[in-house]
Amino acid sequence: MFKPKHSGWLFAFIMSGFMAFCMSGILTLINLGLVDNFIWLWLRAYVLAHLCAFPLVMLFAPFSRRIVEWLVK
């Protein structure tokens, strides 16, 4: 499969995918309700959200790690 050196970006990709999936579903439901084409609207929102979320996680992960290290000292 993947080598251990790829674990950082792989974790970010999977975690951002889960978060984008959940958040896009929740926000689509809140904004539109259970409309007839809810699933398709949710999946479209998910794809767009994941395209944004993954690079953002990669960008903010080092900053977040530093904040956590500072908080737990």
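A brief structural summary. (Residues numbered from 1 in each chain as written. Predicted model: local features only at pLDDT ≥ 70, side-chain atom pairs only at ≥ 80, totals over all residues. Heavy atoms only, no water.)

1. What about the packing of aromatic side chains?
- If you walk through the whole model with that rule in mind, you get five aromatic pairs.
- Their ring planes at 85° and their centres at 5.4 Å tell us that Phe13 and Phe54 sit as a pair that is edge-to-face. Of this pair, Phe13 sits in helix H1 (residues 7-32) while Phe54 sits in helix H2 (residues 38-71), and the two are 41 residues apart along the sequence.
- The exposure class of Phe13 is partly exposed, given its relative accessible area of 38%.
- Taken together, Phe21, Phe38, Trp42 and Tyr46 form an aromatic cluster joined through their ring pairs. (Phe/Tyr/Trp six-rings, centres within 6.5 Å; stacked < 30°, edge-to-face > 60°. Helix = DSSP H or I, 4+ residues; strand = E, 2+ residues; numbered from the N terminus. Buried < 20%, exposed > 50% of the residue type's maximum accessible area, 1.4 Å probe, protein only.)

2. Concerning H1
- For H1, spanning 26 residues, the distance from its first C-alpha to its last is 37 Å, which sits close to the expected 38 Å at 1.5 Å a residue.
- When we look at burial in H1, the residues that qualify are Ala12, Ser16, Gly17, Ala20, Ser24, Gly25 and Thr28.
- Tucked inside the fold, the buried residues of H1 contact H2.
- In the segment just after H1, Gly33 is the residue with positive phi, at about 75°. (Expected span 1.5 Å × (residues − 1). Contact = heavy atoms within 4.5 Å.)

3. As for H2
- For H2, built from 34 residues, the straight-helix expectation of 50 Å at 1.5 Å per residue is missed by more than 12%, its first-to-last C-alpha distance being only 41 Å.
- Against H1 lie the buried residues of H2.

4. With respect to the state of the cysteines
- Scanning the model with the defined rule gives zero disulfides in all.
- Between Cys22, a cysteine without a disulfide, and Cys52, which holds the nearest cysteine sulfur, the sulfur-to-sulfur distance is 17 Å.
- In this structure Cys22 comes out as partly exposed when scored by relative accessible area, which is 41%. (Disulfide = S-S within 2.5 Å.)

5. Regarding the packing of H1 against H2
- Between H1 and H2, whose axes approach to 7 Å, the crossing angle comes to 140°. By the angle between their axes, H1 is oblique relative to H2. Of the two possible hands of crossing, H1 and H2 adopt the one that is right-handed. For the pair H1 and H2, the contacting residues are Trp9, Ala12, Phe13, Ser16, Gly17, Ala20, Phe21, Ser24, Gly25, Thr28, Leu29 and Leu32 in the first and Phe38, Leu41, Trp42, Ala45, Tyr46, Ala49, His50, Ala53, Phe54, Val57 and Met58 in the second. (Axes fitted to C-alpha atoms, helices over the stretch in contact; angles between N-to-C directions. Parallel < 35°, antiparallel > 145°, perpendicular 65-115°, else oblique. Left-handed = near helix turned anticlockwise from the far one by under 90°.)

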